[in-house]
Amino acid sequence: MGPKTPLPAAADDLKQQIRELSQELLFPQSLSWALGYNSSLAVHSLAGGEDRVLLYVCSHTAVIHDILGGRQYHLQGHANTISCLCVSEDRRWVATADRGPDPLVIVWDTFSGIPVRTIFDSHPRGGVAAVAISRDARYLVTISAGRAQKVCVWRWTSPTESPVCSTELRPEFGLQDFVVFNPQNPYEFVSNSKTQVIFYLWSDASLQYSTPPLTKQTFNNVVGHFSQSTFHFNNTQALTGTSAGKLVVWDTARALSLSEEAQVQPHSTKATKLVPMQRSSITVLMVLESCIVTGDVKGRVKFYNGRLQLLACHSHSGMGPICSISFSKPPPEPPDASSACSSAGSQPFTTGNFILSTSDATVLHVATDGTNFEKVMEEAKKATTAIACHPRQALLAVGSHCGLLKVWDYQQPKYLVSRIFTEAGIQCLSYDPEGCFLAAGFTDGSVYILDAISLQSCCEAFRFSRGAVTHISFSHDSEYLATADEKYAVTVYKRVLQNGQRCWEHLAGLHSHYKPIRSILFGVQLDSNEPRLLSLGEDRQLVEYDLSSSSKDQLVISHRDRVEQVAVPLCLAWYPQFGTESFILTANSCYKMKLYNTTTKMCRKTLLGPTYGSPLEKIQILPTRSTTDPQKCYLAYVTKDKVGLQILPVDGNPHKSSAFICHPDGVSDLACSYDGRYVFTAGGNDRTVLKWEVNLNALEAAASLGGEDLVPFYSLLEGGREGEFFRELEDYFYYVQLRSQGIDALETRQVSTHIPLEEIPSVMRAMGFYPSEEEIEEMINEVKFSEYVDTGEQVTKINLGDFIKLYINHRPAFGLSMKAIRRAFQVLGYDNENGDKVIDRGDLLLLLQCRGEHMTEDELAQCLAALLGRHSAGGRFDLDTCDPSGAAALTEEEIPEEITAKRFTADILGLPIAETEKRTVKINEQLICEDSEL
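None of the values given here were measured: they were computed from a predicted structure. (Residues numbered from 1 in each chain as written. Predicted model: local features only at pLDDT ≥ 70, side-chain atom pairs only at ≥ 80, totals over all residues. Heavy atoms only, no water.)

## Description of the overall build of the protein
- Regarding its fold elements, the protein presents 13 helices and 62 strands.
- Out of the 934 residues in the protein, the part that is buried amounts to 53%.
- Within the protein, contacts between residues at least 6 apart in sequence are counted, and of these 50% link residues at least 24 apart.
- Accessible surface computed for the protein: about 42,000 Å², of which carbon and sulfur atoms make up 49%. (Helix = DSSP H or I, 4+ residues; strand = E, 2+ residues; numbered from the N terminus. Buried < 20%, exposed > 50% of the residue type's maximum accessible area, 1.4 Å probe, protein only. Contact = heavy atoms within 4.5 Å. Areas by Shrake-Rupley, 256 points an atom, 1.4 Å probe, with all protein chains shown as cover.)

## Brief notes about the side chain of Asp 66
- Mapped onto the elements of the fold, Asp 66 is located in strand β4 (residues 61–66).
- A distance of 2.8 Å separates a polar atom in the side chain of Asp 66 from a polar atom in the side chain of Arg 71. (Polar contact = N/O pair within 3.5 Å; in protein donor to acceptor, adjacent residues only side chain to side chain.)

## Some words on the confidence of the model for the protein
- Residue-level pLDDT values for the protein average 87, and 87% of them are 70 or greater.
- Of the regions scoring below 50 in pLDDT, residues 255–264 engages in 19 contacts with residues more than four places distant in sequence or in other chains.
- This model gives residues 871–877 a pLDDT under 50, and the stretch forms 8 contacts once residues within four places in sequence are excluded. (pLDDT = per-residue confidence, 0-100.)

## Quick look at the nonpolar core
- Residues Phe 803, Ile 804 and Tyr 807 are the most contacted members of the largest nonpolar core, which totals 33 residues.
- Of all the secondary structure elements, the ones that give two or more residues to this core are α3 (711–714), α4 (724–741), α5 (760–766), α6 (773–784) and α8 (800–810).
- Among the elements that take part in this core, α8 stands out by supplying 6 residues, more than any other.
- For Phe 803, the residues in contact, after removing those within four places along its chain, are Leu 729, Phe 733, Ile 760, Val 763, Met 764 and Ile 798. (Core = buried A, V, L, I, M, F, W, Y, C linked by side-chain atoms within 4.5 Å.)

## Regarding the environment of Arg 687
- Mapped onto the elements of the fold, Arg 687 is located in the loop between β54 (678–682) and β55 (689–694).
- Looking at Arg 687, the relative accessible area reads 16%, which means it is buried.
- Along the backbone, Arg 687 and His 663 are 24 residues apart, and their C-alpha atoms lie at a distance of 10.0 Å.
- Aside from chain neighbours lying at most four places away, what touches Arg 687 is Leu 35, Gly 36, Tyr 37, Asn 38, Ser 39, Ser 40, Ala 380, Lys 381, Lys 382, Ala 383 and Thr 384.

## Brief notes about the packing of helix α9 (residues 818–828) against helix α13 (residues 901–908)
- Interaxial distance between α9 and α13 falls to 9 Å at its minimum, and their mutual angle equals 125°. Here α9 is positioned oblique relative to α13, judged by the angle of their axes. The way α9 lies across α13 gives a crossing that is right-handed. Together, Met 818, Ile 821, Arg 822 and Phe 825 of α9 and Ala 901, Lys 902, Phe 904 and Thr 905 of α13 make up the contact between the two elements.
- Looking at the contact of α9 with α13, its residues break down into 5 nonpolar, 1 polar and 2 charged. (Axes fitted to C-alpha atoms, helices over the stretch in contact; angles between N-to-C directions. Parallel < 35°, antiparallel > 145°, perpendicular 65-115°, else oblique. Left-handed = near helix turned anticlockwise from the far one by under 90°. Nonpolar A, V, L, I, M, F, W, Y, C, P; charged D, E, K, R; others polar.)

## Comments concerning the sheet that holds strand β7 (residues 93–98)
- The 4 strands are arranged β6-β7-β8-β9 in an open sheet whose pairing can be described as antiparallel. Each edge of the open sheet is held by one strand with a lone partner, namely β6 (82–87) and β9 (114–120). Going across the sheet, the axis of each strand differs from the next one's by a mean of 20°, ignoring polarity.
- As judged from the 5 bridges shared by β6 and β7, these two strands associate in the antiparallel manner. Residue pairing in the sheet places Leu 85 in a bridge with Thr 96 of β7. (Pairing = 2+ DSSP bridges.)

## Quick word on α8
- Counting buried positions along α8 yields 9 of 11 residues, so the element is predominantly enclosed.
- Those residues of α8 that fall on the buried side of the exposure criterion are Leu 800, Gly 801, Phe 803, Ile 804, Leu 806, Tyr 807, Ile 808, Asn 809 and His 810.

## With respect to the side chain of Gln 149
- As for its position among the elements, Gln 149 is in the loop between β11 (140–144) and β12 (150–154).
- Judged by its relative accessible area of 2%, Gln 149 is buried.
- Ignoring any residue separated from it by four or fewer positions in sequence, one finds Gln 149 in contact with Ala 129, Ile 143, Ser 144, Thr 167, Glu 168, Leu 169, Gly 174, Leu 175 and Gln 176.

## Comments concerning the packing of aromatic side chains
- Tallied over the entire structure, the rule returns 35 aromatic pairs.
- Summarising the aromatic geometry, the rings of Phe 462 and Tyr 493 are spaced 4.7 Å apart at their centres and angled 35° between planes, so their arrangement reads as tilted. Remark: Tyr 493 occurs in strand β39 (residues 490–498) and Phe 462 occurs in the loop between β36 (447–451) and β37 (469–474); sequence separation between them is 31 residues.
- With relative accessibility at 0%, the residue Tyr 493 sits in the buried group.
- In this structure an aromatic cluster arises from ring pairing among Phe 173, Phe 181, Phe 189, Tyr 200 and Tyr 209.
- A cation sits over an aromatic face here: Lys 406 above Tyr 415, 3.9 Å from the ring centre.
- Over the aromatic face of Tyr 714 sits the side chain of Arg 721, whose NZ or CZ is 5.5 Å from the ring centroid. (Phe/Tyr/Trp six-rings, centres within 6.5 Å; stacked < 30°, edge-to-face > 60°. Lys NZ or Arg CZ within 6 Å of the ring centre and 35° of its normal.)

## Quick notes on the sheet that holds β55
- The 4 strands lie next to each other as β1-β55-β54-β53, forming an open sheet whose pairing is antiparallel. Two strands close off the open sheet at either side, each with one partner strand: β1 (29–35) and β53 (669–672). The sheet shows a mean angle of 25° between the axes of neighbouring strands, direction not considered.
- Strand direction decides the pairing type here: β54 and β55, joined by 5 bridges, are antiparallel. Considered in β55, the bridge of Tyr 678 is made with Glu 693.

## Comments concerning the state of the cysteines
- The full count for this structure, using the stated rule, is 0 disulfides.
- Free of any disulfide, Cys 503 has its nearest cysteine sulfur in Cys 459, 7.6 Å distant. (Disulfide = S-S within 2.5 Å.)

## Things to note about the pairing of strand β31 (residues 395–400)
- Most of β31 sits inside the fold, with 6 of its 6 residues counted as buried.
- Burial along β31 is two-sided: the residues Leu 395, Ala 397 and Gly 399 and Leu 396, Val 398 and Ser 400 are all buried.
- Taken together, strand β30 (residues 384–389) and the strand that follows it, β31, pair antiparallel across an intervening segment of 5 residues.
- In this structure, β31 lies alongside strand β32 (residues 404–409), joined through 5 bridges in antiparallel fashion. Residue pairing across strands places Val 398 opposite Lys 406, the latter belonging to β32.

## Here we look at empty space enclosed by the protein
- Following the criterion strictly, the structure yields 5 cavities of 30 Å³ or more and no others.
- Its volume calculated, the largest cavity comes out at about 130 Å³.
- In this structure, the largest cavity is lined by 14 residues; those nearest its centre are Glu 379, Ala 380, Thr 384, Val 398 and Tyr 415.
- Every element with two or more residues in the lining of the largest cavity is listed here: β31 and β32.
- Among the elements that take part in the lining of the largest cavity, β31 stands out by supplying 3 residues, more than any other. (1 Å grid on protein atoms, 1.4 Å probe; cavity = no way out; pocket = protein on both sides within 12 Å on 5 of 7 lines; lining within 4 Å. Points joined across faces, edges and corners; volume = space filled by probe spheres on them.)

## Some details on unusual backbone geometry
- In this structure, the amide linkage connecting Gln 412 to the following residue, Pro 413, adopts the cis form with an omega of -10°.
- Positionally, Pro 413 belongs in the loop between β32 and β33 (414–420).
- The step from Leu 648 to Pro 649 runs through a cis peptide bond, and the omega angle for that step is 0°.
- For Pro 649, the position within the fold is in the loop between β51 (642–648) and β52 (657–661).
- Phi is positive for Glu 289, close to 50°, though the residue is something other than glycine.
- Residue placement: Glu 289 occurs in the loop between β22 (282–288) and β23 (291–296).
- Positioned with a positive phi, Asp 553 is a non-glycine residue whose angle comes to about 65°.
- Its place among the elements puts Asp 553 in the loop between β43 (541–551) and β44 (554–562).

## Notes on the environment of Leu 26
- Its place among the elements puts Leu 26 in helix α1 (residues 10–26).
- Taking the C-alpha atoms as reference points, Leu 26 and Ala 702, 676 residues apart in sequence, are found 9.3 Å from one another.

## A short note on helix α11 (residues 857–867)
- For α11, the set of buried residues is Leu 860, Ala 861, Leu 864 and Ala 865. The buried residues of α11 occupy one face: seen down the axis, they fall within an arc of 130°. (Arc of directions from axis to C-beta.)

## Notes on the environment of Tyr 209
- Looking at the element boundaries, Tyr 209 is found in strand β17 (residues 207–210).
- Note: C-alpha distance between Tyr 209 and Phe 189 (20 residues apart in sequence) is 9.5 Å.

Okay, here's the thing in C-alpha cells:
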C-alpha cells in the first residue's frame, strides 16, 4: 500500500507492536480491545479499495479498527469523553477534542498512531463542541461548548499555545455544533446550529463572521432545523440541509480567492433559494469531487450534480437515520482522468466505496455500484449496563438497555451469538459457576434464565420484582439464584425437581433494606458445603439470609448487622484466606476498606483504600492463574470513572494499587476473565465495553519502588519521616509513656517503644484526628485481637510503627473540610434574619446530648470548658480532673445564642479557616488537587 498508509499497513505494524509491548511492560493495565462506539459521532474510512479500516470513538479513546485484519489501534490521551473529531483529506491527520474539565484538542498521526500536537486550555469553559481541519491540513477551527461560544482558528503545526484568531458568538445563535472549511479556501469556513448558519472569513489579524437571516417568511415556506452545511464546488455558493428535507442555497457576491481573503468581507452572503429535495429530514450533507451527497433519516444516500439534479440513490431496508458518510481513500488518478460525477451522461454513475454509520449504532460498507450493503458493525443503541464473564471459557456476555444481548469470544475476538429482548432493557447479567446458565435481570423487573450457549430461555420469565433488577448472582452449587431490585427487595429462586426434570422456581422475596442495595453475595458456610447469602445496602445494613430455613414465600433473615456509622458501604466481596480467620471485605464512601469476621461480623481492620478521585464502586477478587503463587492475590475494582488493581492483602500502602481512566462519564459494570488475564468495564451511557489486559509484574514492580515496611506510610505524613509532624508524634508517644508512669513520679523511668492501647485515643486527638467512640472501639479491638486467632492472647500495647499505620488507615482520607461543616449546618440549622444558616445554642447542646453518640451533661461541660479555654491550676488542662461546675455560665458567656458554621469552626473548635484554599495531598503517587475550605 506504499509508505503513506494508515496504521494497519505492514510497514507500520512493527512500530505499533513495539509500542504496545512497551505499554504492557510499563502499566498494570493496558487497553486491549474496545467494543461498541459513540454512534452520535462520525465513523471515518481511513483506507482505500476493499480495505475496511475505520476510525471511530469509544468513550475517551479514538479507535483505528482494521476490520479484515482483526486489529485495533487505540489513540489514548483524553481524560474526558471525546465530543468531536475530524480527519484530513489524505487521512494522515486526525483531530479529536473533548468536553469537561481541562479539555484537550489532540492531533494524531494515523501512520504512527502517536499524538503530534496537543492543545491545552483551548476552551476551558465546557470544552469543544465542533472541530474541523482545512483541506491542506494546516489549520484547525474549534468551537466551544459553552452557552456563549468561542470560535478559534489554530495553526496547529506552529508551537504557539494561542489561536491565530478568535471571536465570541452571541447565545441567541444557538449551539453551533457543526463546522467545515471551504475546501478551496482555507481562510473561509461555515458553522451552523439548528436555527442559525454563520459564515466566517479569517486572517492573522481578525476573524469576521456574518449571520444571514433566514425565516419562514423569507421564501414563504417552511425551512425546518438546520443539520449540516457545506461549500459548493463552484466556489460561489454554500448549501445547508434541513429537517424539512430542503437545501438552502447561499450565494456570495463573488468567488473568494486565496489572494484576497484579507480584503473581502463575508457579510454579502445571503439565502437565494430554498430547494425542496425530499420529504424526509436531511441529516448529512457533503461534497465529493463534483457531486453533492446527502443522507437522510430513512437511511438513503443520494448523489446530485452541481445543479441539484439527482444522479443516484442508494438505500437498504431496515437502515436507521444516517449519521455520517465517509468515502474510501481515493487511489491516485492519472492526469487525464475525469470525474465520474461531472454529469449525468450515458455512462452509469459510479463512485468509490463508502462507509455509512447510522444513529442506531450500525456501520455498513457500501460497494462502488451501491448495490452491496455489508454490515460491518452493529452495536448497542442504548446504555450498555451489564457484562459477565464465563467461568470456564473466554466468553463475555454484554447486555444493554435496548434489549440486545451478545456473547463475544474475547480471544479471537468475534461475536458468537446474540438475542434481542423487545420488552425491556437488560440491567444485570451473571453466569452460574458451571457455565451452563446465563441469568439476566431487566429494567421491568423480569428475570430470564438462559442457556449459556444458545441464549434460549430455560424456563418462563420470572416477574416477581416490582422495580428494575439491579443485581443478580448464582450460588456456588448453582442451586440458588438471588436478585436485588431498585425497590430494595431481595428475591431468591431455587432449582427443583419436577416431573423428573430440573427446573427453576420462585422461592421467596423480602424487602430487607430501606435504601438502595449495593451488593448481593453468595458464599459457603464454614462448617458445611451449604450456600450462604448476604446483601449490603446504603442503609449501612449487612443482612445474612438463612436459606435452609426459608420456605415458599418466606425468606428468613439469620443476621442483620450495621457495618458503618457515618460512611456509606458501596461494595462487598469475600476476602481471600491468608490465615486462620475468614473475612468479608467492604469498601465505603470515605475511601476506606474494612475487614469483617465472617461469623461475628465484627470489624477487624480498617484500611485506607485507593484514592483516585472517587470511592470504589465495585470490587472483584481477580481469579488466580495456575502459575502464580497461591498466596499472591489481587483485587480488581472500579471507581466512578476508573478501573484499577490492588495487591492483597490490603494494608493501606498507596503504592500497592493503580488506576486508569476507563469511562469518564461513569462505569456501569465490572467483570474479570476466568483466568485473571483480563478485566472488562462497561460504560453505561457511552455504550462501550473495554477489555483491559492485566500485567501483574508491572503492579508488583510499582509497589516495590514505593518502598517496604513503613517507608510508604511515612510519605503520607505531612513532611514525611524527617518532618515536624513525625517529630511531634514521637514527642506525644513518649509523653504518653511519662503520663502512664505518673507525671510526678521520682523513680527511674522505663523508656519503651510501646504505649498502652488505652492511650491510643489521646495520641490520635493530639495529632488532630478526633475519632468517635465507635471508631475508638474499632481501633482498640483491631490491635487487641490482631494475634488472638493465632496465639489465643490479646495485645495490650502498640509500637510507634504500628501506630502510624493505624493513624493513616483510620484518619479521614482528605481531612475535615469547611464544606462538610457547612453542609451539616444546612441540614441542622435555619436561616436567621441576615440570611445566614445558624443553629440555636440550645438546639446545638441538645443535639450533642441526644443525637448520634450521646454525650452526658458532664462530658459536654468538660469538652466545652476545654475548647473555650477554661484551664485548671498550673496552666494546663486535664479532662480527668476538670470540675464541670460553672460550665453553664461559661457556655452562655462564650457561645452566642445563634451559631454560624464559621463561628463554630473558628471560635469554638479553634480550627483555622482558609476560604477556598487549594491544598495538595500526595496519595497513591499522584497529586490530587482538591478545593477545600479548611
